[in-house]
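Chain residues, written in single-letter form:
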Amino acid sequence: MSTTFAVLGMALYMFKENRKTWELVAVFVFCCAFGMAHGSKGQLFIFMLVPMLYWRYVAGKRVPLSQMIFLMMLFGGFMGFLFYFFAVGVELSNLVEMIAGYADYTSNGLMVMADNRPALLGRIFFEDNVFSRVPRLIFPDKPKDFGSFYLAQTYFPAAFELDQGVPAFGIGVQFADFKWLTLPVLCVAAFMMALITKRYILALKKFRHPSDFIVLLFLSGVSLLPLGVGFFLPEHIVIAWLVSFCLRLRLVGSPTSGVGLGSVRSVS
């Protein structure tokens, strides 16, 4: 929940009227320091993406090619710094080799595809989105190998049993569920997600409301819920509704001029 409120706070701050550059830098530095306290590289990238998505889809600014190249170089350097800063015992000489190790996602996925195990017919998808939402305090008997963790136990049993962490499987997760139907399933899912994303982009152009921006953040890969597995679009829509509700009751100040109450309807 601490990460949720940190990302939500930064997203809402972007709608502040007459904000100063030094204020934005201060908020960004605070959020990054907060993310570093959690020891997560991904959270620091999230805090970088929030203002970028705001400037593009809310402020409507276009990024020239030269600036895009600069941003890509900045992201690359920042990523290298994060790997060096967070990794234990890594040296500059083997930093590139360590980063390249993330390509194991592809080899792990191919390992699943080369296996002749029968399709799980959606079991991984179901368990990832049901069991991940149920706290172990409520469900003490919740299995450790539910959903995607089943693949970890199957292909890396020793590391899984010792809780040493195992690499991800990339597209192998979907392939274990649907086998050779994976490609059409992913195409249909991507098409539906594109339609939903386009709807919120258009809503932001019309209403410029924080609630629409919150949902667009999730659709752009910036989740307010830092959980390992699961598809949390419904939860982000609920968060967006709560923000919209608070704004309508004036529990918090209006984030920007020209915000219409019609944006509340756009979240539904």
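Keep in mind that this is a model prediction, so the values were computed, not measured. (Residues numbered from 1 in each chain as written. Predicted model: local features only at pLDDT ≥ 70, side-chain atom pairs only at ≥ 80, totals over all residues. Heavy atoms only, no water.)

Here's the deal with unusual backbone geometry
Link 1 in the chain: A positive phi angle, near 55°, is found at Asn18, a position not held by glycine.
Link 2 in the chain: For Asn18, the location among the structural elements is in the loop between helix H1 (2-13) and helix H2 (21-37).
Link 3 in the chain: Phi angles above zero are rare outside glycine, and Arg208 is one such case at about 50°.
Link 4 in the chain: Mapped onto the fold, Arg208 is located in the loop between helix H11 (182-207) and helix H12 (210-219). (Helix = DSSP H or I, 4+ residues; strand = E, 2+ residues; numbered from the N terminus.)

A look at the confidence of the model for the protein chain
Link 1 in the chain: Chain-level pLDDT for the protein chain is 84 on average; 87% of the residues reach the 70-or-more range.
Link 2 in the chain: Per-residue pLDDT, averaged within each element of the protein chain, yields its smallest value for helix H14 (residues 262-267) (45) and its largest for H12 (95).
Link 3 in the chain: Predicted confidence is poor over residues 256-266, with pLDDT under 50, and the contacts of this stretch with residues over four places away or in other chains come to 26 contacts. (pLDDT = per-residue confidence, 0-100. Contact = heavy atoms within 4.5 Å.)

Focus: a nonpolar patch on the surface
Link 1 in the chain: On the surface, Val63, Leu65, Met68, Ile69, Met72 and Met73 cluster together into a nonpolar patch covering about 620 Å² of accessible area.
Link 2 in the chain: The exposure class of Met68 is partly exposed, given its relative accessible area of 36%. (Patch = residues over 30% accessible without salt bridge, like charges linked within 9 Å, V, L, I, M, F, W, Y side chains within 5 Å. Areas by Shrake-Rupley, 256 points an atom, 1.4 Å probe, with all protein chains shown as cover. Salt bridge = Lys/Arg side-chain N within 4 Å of Asp/Glu carboxyl O. Buried < 20%, exposed > 50% of the residue type's maximum accessible area, 1.4 Å probe, protein only.)

Topic: the environment of Ala11
Link 1 in the chain: Mapped onto the elements of the fold, Ala11 is located in helix H1.
Link 2 in the chain: The exposure class assigned to Ala11 is buried, which follows from its relative accessible area of 1%.
Link 3 in the chain: Spatially, the C-alpha atom of Ala11 lies 9.0 Å from that of Phe47, the residues being 36 residues apart in sequence.
Link 4 in the chain: Every residue in contact with Ala11, bar those within four places of it in the chain, is listed here: Val50, Phe213 and Leu217.

What about the packing of H12 against helix H13 (residues 233-248)?
Link 1 in the chain: Here H12 crosses H13 at 165°, and the two axes come no closer than 8 Å. With respect to their mutual orientation, H12 and H13 come out roughly antiparallel. Here H12 and H13 pass one another in a crossing that is right-handed. Facing Pro210, Ser211, Ile214, Val215, Phe218 and Leu219 of H12, the residues of H13 in contact are Leu233, His236, Ile237, Ile239, Ala240, Val243, Ser244 and Leu247.
Link 2 in the chain: A breakdown of the residues in the contact of H12 with H13 according to their chemical character gives 11 nonpolar, 3 polar and no charged. (Axes fitted to C-alpha atoms, helices over the stretch in contact; angles between N-to-C directions. Parallel < 35°, antiparallel > 145°, perpendicular 65-115°, else oblique. Left-handed = near helix turned anticlockwise from the far one by under 90°. Nonpolar A, V, L, I, M, F, W, Y, C, P; charged D, E, K, R; others polar.)

Here we look at the packing of aromatic side chains
Link 1 in the chain: Counted according to the given criterion, the structure contains 11 aromatic pairs.
Link 2 in the chain: For the ring pair Phe15 and Phe213, a centre distance of 5.6 Å and an interplane angle of 70° mean the geometry is edge-to-face. Taken together, the residues Phe15 in the loop between H1 and H2 and Phe213 in helix H12 connect sequence positions 198 residues apart.
Link 3 in the chain: The class for Phe15 is buried, based on a relative accessible area of 2%.
Link 4 in the chain: Following the ring pairs from residue to residue traces out a cluster consisting of Phe131, Phe139, Phe146 and Phe149.
Link 5 in the chain: In this structure, Arg117 is placed above the aromatic ring of Tyr155, and the distance from its NZ or CZ to the ring centre is 5.8 Å.
Link 6 in the chain: Between Arg123 and the ring centre of Tyr150, over which it is positioned, the NZ or CZ distance is 4.6 Å. (Phe/Tyr/Trp six-rings, centres within 6.5 Å; stacked < 30°, edge-to-face > 60°. Lys NZ or Arg CZ within 6 Å of the ring centre and 35° of its normal.)

With respect to the environment of Met52
Link 1 in the chain: You can see Met52 is positioned in helix H3 (residues 41-57).
Link 2 in the chain: You can call Met52 partly exposed: its relative accessible area is 28%.
Link 3 in the chain: With 11 residues separating them along the chain, Met52 and Val63 place their C-alpha atoms 10.0 Å apart.
Link 4 in the chain: When near neighbours in sequence (up to four residues on either side) are disregarded, Met52 contacts Leu71 and Phe75.

Topic: helix H6 (residues 104-114)
Link 1 in the chain: Residues Asn108, Gly109 and Val112 constitute the buried set of H6. Buried residues along H6 cover an arc of 100° about the axis, so they all sit on one side. Opposite its buried face, H6 presents the exposed residues Thr106, Leu110 and Ala114, each directed more than 90 degrees away.
Link 2 in the chain: Against helix H8 (149-155) and helix H10 (172-178) lie the buried residues of H6. (Arc of directions from axis to C-beta.)

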